[in-house]
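One letter stands for each residue in the lines below.
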Amino acid sequence: MNMELTSDNNSYAAAFRALRSRAHEPAWLAELRERSFELFARTGLPTVREEEWKYTNIAQIEKASFSPVIELNGAARIDEQDLAAATYEEARHSRFVFVNGVFRQDLSTSGGGIDELVALDFTTALRTPEYAGSIRHSLEEQQRNGFAALNAALFSPGLFLRFPRGFVATSPIQLLFLTAPANGERPASFPRVLVHAEAGSVATLIESYTAAPGRPYLTNARIDLVIDDEARITHYKVQRESGEGFHVAATEVELGRKSFYQSTSINLGGKLSRHDIGVRMDHEGAECWVDGLYMIEGEQHTDTHSVIDHRQANCTSRQLYKGILDGKARAVFNGKVFVRHGAQQTDAQQTNKNLLLSKEAQVDTKPQLEIFADDVKCTHGAAVGQLEEDELFYLESRGINPALARNMLTYGFAEEVIERIKIDSIRRELDRAVLNRLHSEFQIEA
Amino acid sequence: MNEMLEIRNLHAAIDGKEILRGINLKVNKGEVHAIMGPNGSGKSTLAKVLAGHPAYEVTAGEVIYDGKNLLEMSPDERAREGVFMAFQYPVEVPGVSNAQFLRLAYNEKQKHLGQEELDPLEFKDLLKEKAALVEMDASFMARSVNEGFSGGEKKRNEILQMAVLDPKLSVLDETDSGLDIDALRIVAEGVNKLHDKDKAVIVVTHYQRLLNYIVPDFVHVLSAGRIVKEGGKELALELEEKGYDWLKNVKSEPPAIAGGQVVRA
């Protein structure tokens, strides 16, 4: 790409300049933003010529003129009802709300047994040296592409969550990202969150994305989790962007000794979505479960790229991603598992299974295992299939109509992922989403 | 009217290959018919065609069930109208409990017949009673349909479905395959308890063994897609003794049914 800013990223440049003119950030952060924006200006957004973006063409994002949102936007009035609808019941006293990527303390609730946790916007958190260290560490991670660079340049202001040593959250904590049209523009939002789970802490996070339908918009999110020794974090990402939404998100996780991380990424919405998830196991005895379910239709496109990096001995990873595609939908799954030199006794399993409900749906799946240690137990596999005629016939032969039979079998396919979800309201939401795909009335009873 | 099913000159093919080549069969209410024959003779195909399996194409003939054209009905309509096939290889349906599945199927039928649907609690009572018929433990009701069931448990579950759906015409496709003697007895007793003068059963089997328990009124022997021999229950014993090889020399004897009734051999 060229050095010159094209007219399309002028709005990004304008936003960057506006952000730079604010003086209340430390010098290192200002420099970091500068470097990041330069990187973006130089490399642009990724193209299909890059291996990592081979099957996901983001030209539409490039072409659409999005307006970056970098400050509290009065125009984005939030209806309490919309907010309530986007809130998971279990997290109603522990939700942190972002509107168009900007953290809104005024809409957030923090109580219900989570009052010990630290929740500060980056600007405030940076005044405490201890927190500043964590934030700087996460921001200075290498930026793997133009989206990451753009997020680092334009996030505003970012939320820092710290679970103190031994903290046990009694209710799940929701990071609620809501896109609302502002001034008739097409907002581009750059949410950024750092979660630091100190040693022995236990918590469940729900990261959710929803939007009011209407205009196109872009979500470019970045969530970092630093999970210290023996901490246990369960993480649900529920992506239900509107049909006009573009969703690009990255999750970066670092695991401490004997820590435990379980994530389930649900992708249902968006015109185009991309999720990069990286789990770095730099200490012995860590365990992670990285699961996902994507269910798309029409002309939706979803792409998951994961990297599970076993860098030390005695770590365990499990990955199960399932995909359901209808219409002309297209999905990409690329899962890398690295077992580094010396990471003996690694136990890694990776599976990606896809169910195609139409002839025109398409999946590109590529599980990749790279092993540089010799005493390990690793398996991986991928499958793409359709509903079996014999299975459908079996249900129909019991008097069940064909549409319902298809939904039941589709549900059966997804259930392996759904049953591991421990938040009732998320599970119910998925039950409905899967079973009502063909507008049938079947309900799974608890 | 006493007649339950009439099959006239039925021809059916799969992937362009003709399997059934002119089946004629009449089944009256209250009767038990056995369809026997060597592997590949078309007996399972006949069962599947009656249930409406989409892989089979009916190329000629007709099937009248309870005065209606069976072949015009979709598989789910047939089921709601009272046709039931017990599968040789029942399918696992993960994520849907046996109880949910059975209630759904039961209510679909009730709805169709304009009869009362049951809520989960009411249905539980019905299910308990039916499960006792096939000696199935309550723990099976909460489990996903057939998932992780042994071969025998799957077959018993088929008969449980039959008990719940209370079909007029039951077709048991090789229900005895893979069953040990105890399971065979349980399954057969279940079928016998469900049978009455207004219902009919067609038992498709390779072996005579099951017919010791479910005693047929008529036995039809299939070979190469045609009924080549018919008789009473003694015919099954004869087959057990002689095997199927001798059939090769028996000429097909259509139409074996004269005046609508098979004369006992």
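Residues numbered from 1 in each chain as written. Chains lettered and ligands numbered in written order. Predicted model: local features only at pLDDT ≥ 70, side-chain atom pairs only at ≥ 80, totals over all residues.

Caption draft 1: Local environment of the overall build of chain A. Counting its secondary structure elements, chain A contains 10 helices and 21 strands. For 446 residues, the compact-globule estimate of 2.2 N^0.38 gives 22 Å, and the C-alpha radius of gyration of chain A, at 21 Å, lies within 12% of that figure. With the C-alpha coordinates of chain A rotated into their principal frame, the extents come out at 70 × 55 × 50 Å. Looking at chain A as a whole, 51% of its 446 residues are labelled buried. Considering only contacts within chain A whose residues lie at least 6 apart along the sequence, 82% involve residues at least 24 apart. (Helix = DSSP H or I, 4+ residues; strand = E, 2+ residues; numbered from the N terminus. Rg over C-alpha atoms; globule rule 2.2 N^0.38 Å. Buried ≥ 20, exposed ≤ 12 C-beta atoms within 10 Å, placed from the backbone. Contact = placed C-beta atoms within 7 Å.)

Caption draft 2: Quick peek at the sheet that holds strand 21 (residues 377-386) of chain A. Residues and elements named next belong to chain A. Strand order in the open sheet made by the 10 strands is 3-2-6-9-11-13-15-17-19-21, with mixed pairing throughout. Looking along the sheet, the strands with just one partner apiece sit at the ends: strand 3 (102-110) and strand 21. Averaged over neighbouring strand pairs, the angle between their axes works out to 10° when direction is ignored. Here 10 bridges tie strand 17 (residues 316-325) to strand 19 (residues 347-356), and the two strands are oriented parallel to one another. Within strand 19, the residue paired with Ile-324 across the bridge is Leu-355. With respect to the sheet, helix 9 (residues 402-418) is in contact with strand 13 (260-267), strand 15 (287-296), strand 17 and strand 19, its orientation differing from that of strand 17 by roughly 160°. (Pairing = 2+ DSSP bridges. Axes fitted to C-alpha atoms, helices over the stretch in contact; angles between N-to-C directions.)

Caption draft 3: The arrangement of the environment of Asp-291 of chain A in detail. Residues and elements named next belong to chain A. Locating Asp-291 in the fold gives a position in strand 15. Each C-alpha atom, one on Asp-291 and one on Leu-272, is 20 Å from the other, the two residues being 19 residues apart in sequence. For Asp-291, the contacting residues outside a window of four places in its chain are Ser-263, Thr-264, Gln-319, Leu-320, Tyr-321, Val-417 and Arg-420.

Caption draft 4: Helix 3 (residues 98-113) of chain B, seen in detail. All names here are of chain B. Over its 16 residues, helix 3 runs 23 Å from end to end, which matches the ideal 22 Å to within 8%, given 1.5 Å per residue. Of all the positions in helix 3, only Asn-98, Ala-99, Gln-100, Phe-101, Leu-102, Arg-103, Leu-104, Ala-105, Tyr-106, Glu-108 and Lys-109 are classed as buried. In this structure, the buried side of helix 3 is in contact with helix 2 (75-80), strand 7 (93-97), helix 4 (120-133), helix 5 (139-142), strand 8 (144-145) and helix 6 (151-165). Positive phi appears at Gly-114, one or two residues downstream of helix 3, with a value of about 70°. (Expected span 1.5 Å × (residues − 1).)

Caption draft 5: The sheet that holds strand 3 (residues 32-36) of chain B, seen in detail. Residue and element names in this part refer to chain B. If you trace the six strands from one edge of the open sheet to the other, you get 6-9-10-3-11-12, paired in mixed fashion. At either end of the open sheet lies a strand with only one pairing partner, and these are strand 6 (83-86) and strand 12 (226-231). Here the strands of the sheet are splayed against their neighbours by 20° on average, with no regard to which way each runs. Set on the sheet, helix 6 makes contact with strand 6 and strand 9 (169-173); between it and strand 6 the angle comes to about 170°.

Caption draft 6: Quick look at the domain arrangement of chain A. Residues and elements named next belong to chain A. According to the domain assignment, chain A contains domain 1 (7-283) and domain 2 (388-446). Every contact between the two is made by 11 residues of domain 1 and, on the other side, nine residues of domain 2. Elements with a contribution of two residues or more to the side of domain 1 that touches domain 2: strand 11 (232-240) and strand 13. Take the side of domain 1 that touches domain 2: its biggest share by element is three residues, from strand 11. Per-class residue counts for the side of domain 1 that touches domain 2 are seven nonpolar, two polar and two charged. (Domains from an automatic or database assignment. Nonpolar A, V, L, I, M, F, W, Y, C, P; charged D, E, K, R; others polar.)

Caption draft 7: Main features of the interface of chain A and chain B. Each partner contributes to the interface: chain A provides 19 residues, whereas chain B provides 24 residues. Here the side of chain A that touches chain B is composed, by residue class, of eight nonpolar, four polar and seven charged.

Caption draft 8: Here's a closer look at unusual backbone geometry. With an omega dihedral of -10°, the bond running from Ser-156 of chain A to Pro-157 of chain A counts as a cis peptide bond. Within the secondary structure, Pro-157 of chain A is located in the loop between helix 7 (146-154) and strand 5 (159-163). At Gln-345 of chain A, a residue that is not glycine, the phi angle is positive and equals roughly 60°. Phi is positive for Asp-15 of chain B, which is not a glycine, with a value near 50°. Tracing the sequence through the fold places Asp-15 of chain B in the loop between strand 1 (3-14) and strand 2 (17-28). Residue classification places Asp-15 of chain B among the exposed residues on the basis of 8 C-beta atoms within 10 Å.

Caption draft 9: How the structure looks around the pairing of strand 12 of chain B. Here five bridges tie strand 11 (residues 218-223) of chain B to strand 12 of chain B, and the two strands are oriented antiparallel to one another. Among the inter-strand pairings, Ser-223 of chain B is bridged to a residue of strand 12 of chain B, identified as Arg-226 of chain B.

Caption draft 10: Highlighting the packing of helix 1 (residues 10-20) of chain A against helix 7 of chain A. All names here are of chain A. Direction vectors running N to C along helix 1 and helix 7 enclose 35°, while the axes themselves pass 9 Å from each other. Here Tyr-12, Ala-15, Phe-16 and Leu-19 of helix 1 lie close against helix 7, whose contacting residues are Leu-150, Ala-153 and Leu-154. Each residue belonging to the contact of helix 1 with helix 7 can be placed in one class, and the counts come to seven nonpolar, no polar and no charged.

Caption draft 11: Molecular detail of the environment of Ala-153 of chain A. All names here are of chain A. Structurally, Ala-153 is set in helix 7. Spatially, the C-alpha atom of Ala-153 lies 8.8 Å from that of Ala-30, the residues being 123 residues apart in sequence. Look past the residues within four positions of Ala-153 in its chain and what remains in contact with it is Phe-16, Arg-33, Ser-36, Phe-37 and Phe-40.

Caption draft 12: Main features of the confidence of the model for chain A. Mean pLDDT over chain A: 91, with 93% of residues reaching 70 or higher. In this model, residues 1-7 of chain A is a region of pLDDT below 50 whose contacts with residues beyond four sequence positions or in other chains number eight contacts. (pLDDT = per-residue confidence, 0-100.)

Caption draft 13: Quick look at the packing of helix 3 of chain B against helix 6 of chain B. Residues and elements named next belong to chain B. Across the interface, helix 3 lies against helix 6 with an axial gap of 10 Å and an inter-helix angle of 35°. The hand of the helix 3/helix 6 crossing is right-handed. Of the residues in helix 6, those touching helix 3 at Asn-98, Leu-102, Ala-105, Tyr-106 and Lys-109 are Asn-157, Gln-161, Val-164 and Leu-165. (Left-handed = near helix turned anticlockwise from the far one by under 90°.)

Caption draft 14: Inspection of the pairing of strand 10 (residues 200-205) of chain B at higher detail. Residue and element names in this part refer to chain B. Strand 10 sits mainly inside the fold: six of its six residues count as buried. Side chains Ala-200, Ile-202 and Val-204 of strand 10 all project onto a buried face; the interleaved residues Val-201, Val-203 and Thr-205 project onto the opposite face, where all are buried too. The sheet contact formed by strand 3 and strand 10 spans five bridges and is parallel. By the bridge assignment for strand 10, His-33 is matched with Ile-202. Bridge count for strand 9 against strand 10 is five bridges, and the pairing is parallel.

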